[in-house]
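# A closer look at the structure
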Amino acid sequence: YPTQKVLVEAGTGVWCSSCPTAVQMIDMLIEDGADIAVVKYHSSEGHKEPFETLSGLERIEYYDVTFYPSLFVDGSRVEPWNGYQQMVELYEDAKAKERDFRIGLTGQWLGDDRIFLSAATERAEGAESSDVRLFVAITESSIPYEWHGETQVDFAQRFLWPDGEGLDIDFAGETQVHHNFEAEIEPDWNH
């Protein structure tokens, strides 16, 4: 299958004075027409951080983030962290890949604070089904917040289903697997 979107993940924090550079790099990638899905995992690292979540910390640990910001494109670390050209190259390589799997995600509001989500993971014919993990992230953007010259926070990971380790997908001879779940959206989040 052609790549649907390229995942860009970031280990970040509003306390981090270098993190606005990562924000600008992601914004540049979007402005340049990149077809990306962005998830930013915030960590307090001993500072005030209102956007930290337990599942986000699990992803930060998974990537062994030891400095902030840290950027990942399709699971590969951008090095140096402020290397926009390397970020573009990782994106282009990821976008050109044929994938063994694709995901369809649909949602339906169940009121003002709950959403029902259905994820269909489909395996291409002949694809191996080992080491496939499903994550569904809900992010919040356009959050008014003053930090190091920035006026808002975008793509803050608020919910990660089922958790920071993901769900192991077992096709058991099938070509498609469905998972349904509900998520609670906090009333003060920007819907």
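Provided above is the structure to which this section pertains.
Residues numbered from 1 in each chain as written. Predicted model: local features only at pLDDT ≥ 70, side-chain atom pairs only at ≥ 80, totals over all residues. Heavy atoms only, no water.

### A closer look at the packing of aromatic side chains
What characterises a pair of aromatic rings is the spacing of the ring centres plus the angle enclosed by the ring planes. Short version of the rule: Stacked, edge-to-face and tilted labels apply to pairs of Phe, Tyr and Trp rings (six-membered ring for Trp) whose centres lie within 6.5 Å, assigned for plane angles under 30 degrees, over 60, and everything in between, in that order. Numbering of helices and strands runs from the N terminus; a helix is a DSSP stretch of H or I covering at least four residues, while a strand is a stretch of E covering at least two. Each residue's exposure class comes from its accessible area (1.4 Å probe, protein chains only) as a fraction of the maximum for that residue type: buried when under 20%, exposed when over 50%, partly exposed otherwise.
One pass over the structure, following the stated rule, counts seven aromatic pairs. Ring geometry for Phe101 against Phe171: centres 5.6 Å apart, planes inclined by 20°, an arrangement best described as stacked. With Phe101 in strand E5 (residues 101–109) and Phe171 in the loop between strand E12 (167–168) and strand E13 (176–184), this residue pair connects regions lying 70 residues apart in the sequence. The same class applies to Phe101 and to Phe171, which are both buried. Centroid distance Phe159 to Phe181: 6.4 Å. Interplanar angle 15°. Geometry classified as stacked. In this pair, Phe159 sits in strand E11 (residues 156–161) while Phe181 sits in strand E13, placing the two residues 22 residues apart along the sequence. Exposure class is identical for Phe159 and Phe181. Each is buried. Here a set of aromatic residues connected by ring pairs shows up, and it is made of Tyr62, Tyr63 and Phe72.

### Here's the deal with the sheet that holds strand E6 (residues 114–123)
Threshold: By the convention used here, strands pair only if DSSP detects at least 2 bridges between them. Comment: axis = line fitted to C-alpha atoms, over the contacting stretch for helices; angle = value between 0 and 180 degrees taken between N-to-C directions.
Taken in spatial order, the three strands of this open sheet run E5-E6-E13, and their pairing is antiparallel. Unpaired on one side and paired on the other, E5 and E13 mark the two borders of the sheet. Here the strands of the sheet are splayed against their neighbours by 20° on average, with no regard to which way each runs. When E6 meets E13, the two strands line up antiparallel, connected through nine bridges. By the bridge assignment, Arg114 is partnered in E13 with Glu184.

### What to know about the pattern of salt bridges
Cut-off, in case you're wondering: Just to be clear on terms, a salt bridge is a Lys or Arg side-chain nitrogen sitting within 4 Å of an Asp or Glu carboxyl oxygen.
Under the criterion given, the structure shown has ten salt bridges. One salt bridge in this structure joins Glu9 and Arg59, with 3.5 Å as the shortest N-O distance. One end of the pair, Glu9, is in strand E1 (residues 6–12); the other, Arg59, is in helix H2 (residues 54–62), and 50 residues separate them in sequence. The exposure classification of Glu9 matches that of Arg59, with both residues buried. Between Glu140 and Arg158 there is a salt bridge; the shortest N-O distance is 2.7 Å. Placement of Glu140 in strand E8 (residues 136–140) and of Arg158 in strand E11 is noted, with a sequence separation of 18 residues between them. Owing to a relative accessible area of 3%, Glu140 belongs among the buried residues under this scheme.

### Digging into the state of the cysteines
Two cysteines whose sulfur atoms are joined by a covalent bond form what is called a disulfide. Condition: Criterion for a disulfide: a pair of cysteine sulfur atoms within 2.5 Å.
For the structure on display, the rule yields one disulfide. Between Cys16 and Cys19 runs a disulfide, and the two sulfur atoms are separated by 2.4 Å. Between Cys16 and Cys19, the S-S dihedral sits near 90°, and the bridge is therefore right-handed. As far as the burial class goes, Cys16 and Cys19 line up, both buried.

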